[in-house]
Each structure stands twice: as C-alpha cells, then as structure tokens.
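Analysis of the macromolecular model
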Amino acid sequence: MKIMVAIKRVVDYAVKIRIKSDKTGVETTNVKMSMNPFCEIALEEALKIKESGFASEVIAVSMGPAQCVDTLRTGLAMGADRAIHVDAPATLFPLSVAKLLKALVEVEKPGLLILGKQAIDDDCNQTGQMVAGLLNWPQGTFASKVVLDKEKNVATVDREVDGGLETADLRLNQPRYATLPNIMKAKSKAIKKMTAEELKVEMRSDMEVVQVIEPPKRKAGVIVSSVDELVDKLMNEAHVI
Amino acid sequence: MKKRIAAVTSSYRLLNQKNHASNRILHHHRRFNANFNQVIRSSSTSEGVTHHCGPVPLKHFLASCRWDLQKSSLIHMQNMPIIQQRNFGSVASTIVQRNPLFSTINHDDIIYFEKILGVKNVIQDDEELQPANTDWMHKYKGSSKLMLQPENTDELSQILKYCNSRCLAVVPQGGNTGLVGGSVPVFDEVSGVLVCDAGCILENLISFLDKQGFIMPLDLGAKGSCQIGGNVSTNAGGLRLVRYGSLHGTVLGLEVVLANGNVIDMLGTLRKDNTGYDLKHLFIGSEGSLGIITKVSILTPAKLSAVNIAFLACQDYISCQKLLFQAKRRLGEILSAFEFLDAQAMNLVLQHLDGVRNPLPSAIYNFYVLIETTGSNESSDKEKLEAFLLHAMENGLVSDGALAQDMNQASSFWHIREGVPEALMKAGAVYKYDLSLPVEKMYDLVEEIRIRLGAAANVVGYGHLGDGNLHLNVSTPQYDDTILAQIEPFVYEWTSRHHGSISAEHGLGLMKAEKIYYSKSSGTVQLMASIKKLLDPSGILNPYKVIPPSLLS
C-alpha cells in the first residue's frame, strides 16, 4: 500500500505574522518559511505506518510556487520516498487544493491519504474534508491515534472531541528531525513536477479576498492596588460579579 | 505615565553596603551585577559553603532568615536604633572584612536620599531588600540596609556626590528592576547606532530593534531581565560574540557618573574617533568599580533573516577542533555561533530539564556541537551549510547530526545548549569556572580534573568553542571543602600555565578579585589600582571587588 501525504509551506510557526501594508494578505517576503507543523505530524504518522510494515511507500505532495520544493526536500529528509510538486500560484483556496489532491490520488492510487488537520497560515481546516468528499472516501478527522488492521484493510482512528483542547491532535506523534544521513539520502530522491493542466484540474477560484486586517489589539492590563478596587472593577467595569 | 517618559533613565539600584558591628564579618558577596546570567555564571562557588546553595527547600530558607532577623535585631538595638537591618547568616569561606573607613548610614542620610528621590525610591524594607542582597544561586549574601532607585543621571550624580563625601560604600546593580517601561531608545537606521539609557532591558532593546530590522550585537540567556548598562559594565560575552565581537568593539560611546558625582559625557556615536585616549573602554568590563554607566550608544548589525542551525555529534575532541577550523573557512561570513557540550553535559540536560529530547538518539556520542549560520539568503545559506556538513560527515569529523527544519526545532537545539547551567543547578551543588584557553588545550583541563576528582564528582565541559571559552563545571551532590581543595588552585594554575584567562566573560567580582594575578602581571594590576584610586579615591564604588583590596588601602 502507498500512503500519500499533503504538505504545505507556510510562514514559520515562530514568526510574528505581519499584514502587508496594502491589506491584500500576509507579508511573506524575507520571512522564514517552514513546513506546516500539522503536516509534519501527518508525515511522521505515515512514516511510522511504513516502518511498522503496513505501507510500502510514502509520497509527499505539495502545491504552490517553486519554493515548495524546499519543503518537499524536508519531507524527503524526514523519510518520504518520493515527492510530487504541483506548480501553482501562491494563493490557493482549499477547494482547489482538494481538487488537485483528488487528481493526484487518481494518478498515484494510494491506499491512504493523510493530511494535517489545518494549515497554520489560514487555519481553514477544510481541505481534508473536501478531498474525502470529492473522492467519496471514508475519513477520520482530528486523529489522536491511528491503528491499521492489514488483514481487514481497516483503519481505526481515535479523535478527541470538545473540551477546549484545540491542539489535542498535536499529541498524535512527535515528528522526527531531519538527520544528516537522511538529508544525504534525500538528495537522490525524485521530486516530480506536475501542473494543474496535466492533472486536468481547472484552477478557478470561487472566492475573493477583499481585505486582510489585524485583529483588534488587546488592551494592556492594569495592576490594582487593593482588593476593594479589584471588586469594584469586576463589578462596575467587567460586569462579571 | 506622569512625566516619566523622558525622565526615566537609569534604574540602577544603589546598595549601601554596611554592617552593623565593626567586628562582624561582612557577608556582602554580591558582585556588581546587572545581569542574571552573569550571576549564574560568575558567582561560582569557589569559596563557598553555604546552606542556601542549590535548590533550597523554601521552609528551610524562611526559617533561617527568621532566625537571622531575630539575632540581628538584637544587635541593631544596640547599634543602630533607627534602621532596620538584617544579617544574612550564610556561611561562606570568602570572608570580607568590612573596611572600617566606610561610614554607616544614619537617619540624616535617609532624609537626604528621600529628598532627592522621593520616599518611594528609598527602600529599607527587609523583604524588598532581600532579593537585591541575594544572588541568583543563593550563594552570596549581602547585608545592605538601603536600596536607592534613581531614575535619571542627575539623581544618580547627586547620590554619588553625597555618598562620596560621606564615604558610604555603593554597589551598583541593574537587572530585574522593571523600571524602564518609559525609557525610549533613539535609533539611527542608516548607521545602525542605538542610543539608550543604561536601564533598558536587553530583550526590550532586541524587540525595539527588531521592528527596525536590526539586532543587538549580543544575546544571552538572561536577556529577559538583564540591563544594557550591566551588560556593558561587565562586558558580557554571550552567544553571538564569535560573529559580532565583544562590546569593546560594538559600544561606541558611554555616559558615566564617577564616584564624586561628576557626569562624564563620552556618548559619541562615531565608529571612528581617534581624539585622545578612548576612556570608555575603562568602564566596559570594570564591573562598576570605576563609575556607573547611565547611557550607552551601541552599533547594531542589520537583522538577517536566514538562520540555520545544525546539532552535530562528534566522537572526540580533536574532531570538534577540526570542525571549527573547517567551519571558519567554509562557512566564513555566515557562521554566527559555534558551541559545544560534552556527553556529561548532554546527559544532565536530558535528565533534569523537562521536554528536552535528544536530537540524535540512535547512539551516545562524546561531544555535541551546535553550529548556527546567519545570512541574507535562505536557500544559498542552507545549501552552503548542508554541503559543509555532508563534507564533514564524509571525512568522519561528524558522526551524526540533525539540521533544524523550522524555528521550533532550532530553538529546541538552542535549548539544549542554553539549558546546561539550569540542569547543573538542578543536579545539586556546582563549582563553576569560566576560562579562556587555547582551543587545542581546552578539553585537556576537563579530563585532568575528571581524573583528579574520580567518582566524587561529575565534571562537565561546555561553552563557546568558537571563542576558545570553556565553561568548566564540577557537579556534586553537596558542597564539600575537600572537593574544592582538589579543584583550586589547580584550575587557576593550570590556566595560567597555558596562558589562558581565569575569567573569559564573567568578570572577577568578589570571588576572583584576589585571583587576578593568575591572568595579569603585577605591573598591570598596579596600574589598574592607580586608575581605581584616581577615579574613586575613597573606594566607595563596589568595594572589595575586581582589584585585590590590599592594593587600594
């Protein structure tokens, strides 16, 4: 069985996000870009499944401009066997990505498709569900544990539900580091380049970004000097007691 | 905000050092320190046996303080009816006899200080004084009874003038005051010169510059609490020194208040200025013993976005050396840090710090090296670093390694190296040495100490290999004079014999004032003493530190 993993190049998790001055989007020039942390977890899970003998090959795929190849290299250095880069404009909406993934699944015919829960740049959390719908495949979302049964060809997925643990699915696994021997091996692994036309996907966007603005700034806290003042503020300003 | 914005400048605390009875021992072992990190590293215990060392059970600590308080309050009844005081009862074998020439604080002094600073900034409360009298490791205890918090150069000048005339000893201290919220740095983005008040916290300056696209030329673990004035007066080294050099190179100007209260304006912003003696250098690294820095102008490098970090394993020390030699040639202009730690240090970090995982778990290696590159082009820098690392691997210099793929991984690599001091603290008692040595000899010392101490101690070596700076740490379950006798003076003699320095970046402070001769000739020390006498004739600034007190009396 092959496993396909979608990985996305995003502004690094640790970078403070800045809005472009013309409000058309997020500033990405001269900003550190890395693999989306949730995609890292997805890839780690695929590699673990392969290591335990349930899969024969892990294919990393990414879509976007030429620099996506760097992110795919990271995936190969972590241990993916080969990669596919679909050349596309920088701004892709979830439905377009889902259509491209569907086309890639039809070409590569993987037995399992693993995606990170969401990308940390737009936080959409839509692509996985859309591609499952387009393929008419069963899906498990927000996985915190994945168990495969080879004989029955069944995957059992645990997911965590409400309770305020938004990052609970980060607990699925801890992604591995790219070690030098693996970086060396990755040099000889193939990254196939494809286009949307080849995959017969029409890159039409039904969405338009009107404006990107920062959320309102949080007001600075105040230090109160007495319990009475605190009670007064809670009562008359915050209206919570 | 009142009128603080312009007025808030230096937030040094002045600690009047004094003791209540002339025949008692002054335990004021606190080194001039604006910088927590400096405390961690410097107040090493060569001399010390104290029951406050290491992780102290809180109850025990409080109990002992209370006892001290009762005991000393009896004494103050006799001697000093007005001023609250406390004698810290920690035991330390560096015993400083209080200089009888210094006056003790009286009621008139307090009134005078309150007139200048306002009642709020004249602190006599024991609870508030306690943190200022204690170092980060709880090893050195001061017995100051008064803390002053001047907000600008003028106030500081008046205080010093008064203290000098009254012969009241003063310990300048920065760090952890949090007074500088309103302090606004001035920045010239063409030249990259930053002019700021001494009380600015390093991390605030870093984030101020970040918005302008620049960085501070120094970075250290204590950035969240240390102040630039303290960094400069201790000539703090830190992690980026291999790339940007020491503060003697990057500080362009200073404003300093001398012991007599005179304000000396050397606050130039020029890179080149050969007019007469460059006196600012006297104050950089003099640990507050010649004057108190109130303003700093500093040259800041442009912020470069492409940072790559590799965590590597080497089988032996000679490989680490060869790797450094190669890195300087092949990574040249982008190399920004070259740090190392040995297997013992790595084990401590993995054992004692939460959430740290070994990037190279497949085997145990003798040495780990962290290489950081900083440049302007992500892809070409990464390509260069990868090519270098793969070459080093093929030649057997590197046994294994990992390359950080995002900033999260990068900071987890840094966390291992920066976490060593904290892990040592958690492991028990620790004897710390900060030595400059020729790189090829550096690790021999660690091995010799390891043989000398045998199973009695865990001897750990780590540090800034790129700068030839070794942090030699000896970790034991408790402080023990017999262990200390095995280490000292051996370490100092060994360092001196190999033409090293007994203090690479931590300074001398109290602990090593008498040890200065291991690294400096007697003629040099004499000249230093003459300068000290010239600038601070009454010796009120940070007494007993840096220069052996015997030379100054």
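In what follows, the accompanying structure is described. These numbers come from a predicted model, not from an experiment.

A water-sized probe, rolled over the atoms, reveals where empty space remains. All names here are of chain B. Space inside the second largest pocket adds up to approximately 1,700 Å³. Lining the second largest pocket are 46 residues; nearest its centre among them are Asp210, Ile215, Lys303, Leu304 and Met407. The set of elements that each furnish at least two residues to the lining of the second largest pocket consists of helix H7 (202-212), strand S12 (306-314), strand S14 (367-375) and helix H15 (407-418). Broken down by element, the residue count for the lining of the second largest pocket peaks at six residues, all from H15. In the lining of the second largest pocket, the residues fall into 20 nonpolar, ten polar and 16 charged. When residues of the lining of the second largest pocket are assigned to domains, at least three map to each of domain 2 (186-299) and domain 3 (306-420).

Listed as interface residues are 25 residues of chain B and, on the opposing side, 21 residues of chain A. Counting across the interface, chain B meets chain A through three salt bridges. The residue Glu386 of chain B makes a salt bridge to Lys187 of chain A at a minimum N-O spacing of 2.6 Å. Residue assignment for the side of chain B that touches chain A shows that the elements contributing at least two residues are S12, helix H14 (378-394), strand S15 (400-403) and H15 of chain B. The leading source of residues in the side of chain B that touches chain A is H14 of chain B, at six residues. In terms of residue class, the side of chain B that touches chain A is made up of eleven nonpolar, seven polar and seven charged. Both strand S9 (residues 178-179) of chain A and S15 of chain B contribute to a ladder of two bridges, which runs antiparallel. What sits directly across from Thr179 of chain A, in S15 of chain B, is Ala402 of chain B.

Residues and elements named next belong to chain A. Spatial strand order, S6-S1-S4-S5-S10: five strands in an open sheet with parallel pairing. Each of the sheet's edge strands pairs with one partner strand only, and the pair in question is strand S6 (112-115) and strand S10 (191-195). Each adjacent strand pair in this sheet contributes to an overall mean axis angle of 25°, direction not counted. Sheet topology note: the strand S5 (residues 82-87)/S10 ladder contains five bridges and is parallel. Following the sheet pairing, Asp87 is matched in S10 by Thr195. In this fold helix H3 (residues 94-108) packs onto strand S1 (2-6), strand S4 (57-64), S5, S6 and S10, with an angle of close to 145° to the strand it touches most, S4.

Attention shifts here to the pairing of strand S8 (residues 193-197) of chain B. All names here are of chain B. In terms of burial, S8 is a largely internal element, five of the five residues being buried. The two faces of S8 match: Val193, Val195 and Asp197 on one face and Leu194 and Cys196 on the other face are all buried. Sheet topology note: the strand S7 (residues 186-188)/S8 ladder contains three bridges and is antiparallel. Note on S8: the bridge partner recorded for Asp188 is Val193. The hairpin turn running from S7 into S8, its antiparallel successor, is four residues long, and Gly192 in that turn takes a positive phi close to 75°. In this structure, S8 lies alongside strand S11 (residues 291-299), joined through five bridges in antiparallel fashion. Looking across to S11, one finds that Val193 is bridged to Leu299.

What follows concerns the packing of aromatic side chains. Per the counting criterion, the structure on display carries 18 aromatic pairs over all chains. Relative to Phe367 of chain B, the ring of Phe340 of chain B lies with its centre 6.4 Å away and its plane at 35°, an arrangement referred to as tilted. Of this pair, Phe340 of chain B sits in strand S13 (residues 335-342) while Phe367 of chain B sits in strand S14, and the two are 27 residues apart along the sequence. One exposure class covers both Phe340 of chain B and Phe367 of chain B, and it is buried. An aromatic cluster of three or more residues is present, and its members are Tyr177 of chain A together with Phe311, Tyr365, Tyr368 and Phe413 of chain B. The cationic tip of Arg357 of chain B hangs over the ring face of Tyr177 of chain A; the distance from NZ or CZ to the ring centre is 4.5 Å. Lying across the ring of Phe490 of chain B, Arg452 of chain B places its NZ or CZ 4.1 Å from the centre.

Rules of the game
Starting from 1, residues in each chain are numbered consecutively following that chain's sequence as written. Chain letters and ligand numbers both follow the written order, the letters beginning at A and the numbers at 1. Local features are withheld for residues below a pLDDT of 70 in this predicted model, meaning they are given only at 70 or higher, and side-chain atom pairs are given and counted only at 80 or more; totals for whole chains, interfaces and linings count all residues. As a rule here, side-chain values cover all heavy atoms of the structure and leave hydrogens and water aside. A pocket here means an open set of points on a 1 Å grid, computed over the protein atoms alone, that has protein on both sides within 12 Å along at least five of seven lines. A cavity is instead a set of points where a 1.4 Å probe fits but cannot get out; residues with an atom within 4 Å of a point line either one. Grid points are joined across faces, edges and corners, and a volume is the space filled by probe spheres set on the points. Helix and strand assignments follow DSSP, with helices taken as H or I runs no shorter than four residues and strands as E runs no shorter than two, numbered in order from the N terminus. Charged means Asp, Glu, Lys or Arg here, nonpolar means Ala, Val, Leu, Ile, Met, Phe, Trp, Tyr, Cys or Pro, and polar covers whatever is left, Gly included. Domain boundaries shown here were taken from an automatic or database domain assignment. In what follows, residue pairs with any heavy atoms lying within 4.5 Å of each other are defined as contacts. Salt bridges are identified by distance alone: a Lys or Arg side-chain nitrogen within 4 Å of an Asp or Glu carboxyl oxygen. Pairing between two strands requires that DSSP report at least two bridges joining them. Each axis is a line fitted through C-alpha atoms, and for a helix only the stretch in contact is used; angles between axes span 0 to 180 degrees, taken between their N-to-C directions. Any residue under 20% of the maximum accessible area for its type is buried, any over 50% is exposed, and the rest in between are partly exposed; the area is computed with a 1.4 Å probe on protein chains only. Two rings from Phe, Tyr or Trp (for Trp, the six-membered ring) form a pair when their centres sit within 6.5 Å of each other. Planes less than 30 degrees apart are called stacked, planes more than 60 degrees apart edge-to-face, and all others tilted. By definition here, charges over rings are those cases where NZ of Lys or CZ of Arg is within 6 Å of the ring centre and within 35 degrees of the ring normal.

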